[in-house]
Amino acid sequence: MPMNTITLTQLKASDSIDLLPLWGDAETVKYTYWGQVHDRAECDALLERVLARYAADSRRHGPYVIRNEQGQCVGLVGVNIIEPFQGEHEVWYLFHRQFWGQGWASRTLAALIEQLRATSAVAALSATAVTDNIASWKLLEKNGFQRRAVIPAGFDRNGLTLDLFEYVLVLDKQ
């Protein structure tokens, strides 16, 4: 297998062991709406809620565990729906800090977009990134997302209120 190859596999309950250090890292979840977990029980409960949410609605895609060629969990990626659903699909991603800045996010997002173009009815993707998270909004732009709006104070979590950039990508079907 070539170096830096990614594999996207459907999230399952047995992935909990890989998610505890991901969801448990305050810096990793800082600019996200994932709540930080502090122990295995909290991680298992969050994982159960995520699996139930995605199983309940076929318009959601994933979540997928991102694994490298050694089978290590690099992170998570998925496509959610914005409720009330009006055709808007939102992509999200979360990576273990040890893999930041190595191209994993770019390759993962490109692979997910390719998969959605080939196999789903998703016509467009949206995403948001806090304006302070330069790496995230550059990742979106590198993968063809266009900035469509700024949402003042759109991110408000744990006493941190920041503006959001909102992005869109129209998926041309292959």
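Preceding block: the structure.
Quick look at the structure, then. Since we're looking at a predicted model, the values are computed, not measured.

1. Description of the nonpolar core
- Counting residues in hydrophobic clusters, the biggest one holds 27 residues, and the most contacted among them are Val-91, Leu-125, Leu-140 and Phe-145.
- Among the secondary structure elements, those contributing two or more residues to this core are strand S2 (61-67), strand S3 (73-81), strand S4 (89-95), helix H4 (104-119), strand S5 (124-130), helix H5 (134-142) and strand S7 (160-170).
- Those residues within four positions of Val-91 in sequence are excluded, and the remaining contacts are Val-77, Gly-78, Val-79, Leu-109, Leu-112, Leu-125, Ser-126, Ala-127 and Phe-145.

2. Looking at the environment of Gly-75
- Considering the arrangement of structural elements, one finds Gly-75 in strand S3.
- Sequence-wise, Gly-75 and Arg-97 are 22 residues apart; in three dimensions their C-alpha atoms are separated by 9.0 Å.

3. Regarding the pairing of strand S6 (residues 146-157)
- As defined by bridge partners, S6 adjoins S7 across eight bridges and the pair is classed as antiparallel. When the sheet's bridge partners are listed, Arg-157 is paired in S7 with Leu-160.
- Hairpin connection from S6 to S7: two residues lie between these consecutive antiparallel strands, with Asn-158 at a positive phi of about 50°.

4. Section: H4
- Over its 16 residues, H4 runs 22 Å from end to end, which matches the ideal 22 Å to within 8%, given 1.5 Å per residue.
- Looking at H4, one finds that the buried residues are Trp-104, Ser-106, Thr-108, Leu-109, Leu-112, Ile-113 and Leu-116.

5. Concerning the layout of surface pockets
- Taken as a whole, the largest pocket spans an internal volume of roughly 1200 Å³.
- Taken together, 39 residues form the lining of the largest pocket, with Tyr-31, Thr-32, Tyr-93, Leu-94 and Ser-136 sitting closest to its centre.
- Elements with a contribution of two residues or more to the lining of the largest pocket: helix H2 (26-29), helix H3 (40-55), S3, S4, H4, S5 and H5.
- Per element, the largest residue contribution to the lining of the largest pocket is six residues, and it comes from S4.
- Classifying every residue of the lining of the largest pocket by side-chain character gives 24 nonpolar, ten polar and five charged.

6. Section: the packing of aromatic side chains
- Taken as a whole, this structure holds seven aromatic pairs when the rule is applied.
- Arranged with centres 5.1 Å apart and planes meeting at 65°, the rings of Trp-34 and Trp-92 form a pair that is edge-to-face. Note that Trp-34 is positioned in the loop between H2 and H3 and Trp-92 in strand S4, a separation of 58 residues in sequence. The pair formed by Trp-34 and Trp-92 is uniform in burial state, with each residue classed as buried.
- With centroids separated by 6.5 Å and ring planes inclined at 80°, the aromatic side chains of Phe-165 and Tyr-167 adopt a geometry described as edge-to-face. For the pair Phe-165 and Tyr-167, a shared accessibility class is recorded, and that class is buried.
- The structure contains a cluster of three or more aromatic residues connected by ring pairs, namely Trp-23, Trp-34 and Trp-92.
- Just above the ring of Phe-165 sits the side chain of Arg-147; from NZ or CZ to the centre is 3.5 Å.

7. Notes on the environment of Gly-24
- Relative to the assigned elements, Gly-24 resides in the loop between helix H1 (16-23) and H2.
- Take Gly-24: its relative accessible area is 25%, and that puts it in the partly exposed class.
- Along the chain, Gly-24 and His-38 lie 14 residues apart, while their C-alpha atoms are 5.7 Å from each other.

Cut-offs used in this document
- Residues numbered from 1 in each chain as written.
- Predicted model: local features only at pLDDT ≥ 70, side-chain atom pairs only at ≥ 80, totals over all residues.
- Heavy atoms only, no water.
- Core = buried A, V, L, I, M, F, W, Y, C linked by side-chain atoms within 4.5 Å.
- Buried < 20%, exposed > 50% of the residue type's maximum accessible area, 1.4 Å probe, protein only.
- Helix = DSSP H or I, 4+ residues; strand = E, 2+ residues; numbered from the N terminus.
- Contact = heavy atoms within 4.5 Å.
- Pairing = 2+ DSSP bridges.
- Expected span 1.5 Å × (residues − 1).
- 1 Å grid on protein atoms, 1.4 Å probe; cavity = no way out; pocket = protein on both sides within 12 Å on 5 of 7 lines; lining within 4 Å.
- Points joined across faces, edges and corners; volume = space filled by probe spheres on them.
- Nonpolar A, V, L, I, M, F, W, Y, C, P; charged D, E, K, R; others polar.
- Phe/Tyr/Trp six-rings, centres within 6.5 Å; stacked < 30°, edge-to-face > 60°.
- Lys NZ or Arg CZ within 6 Å of the ring centre and 35° of its normal.

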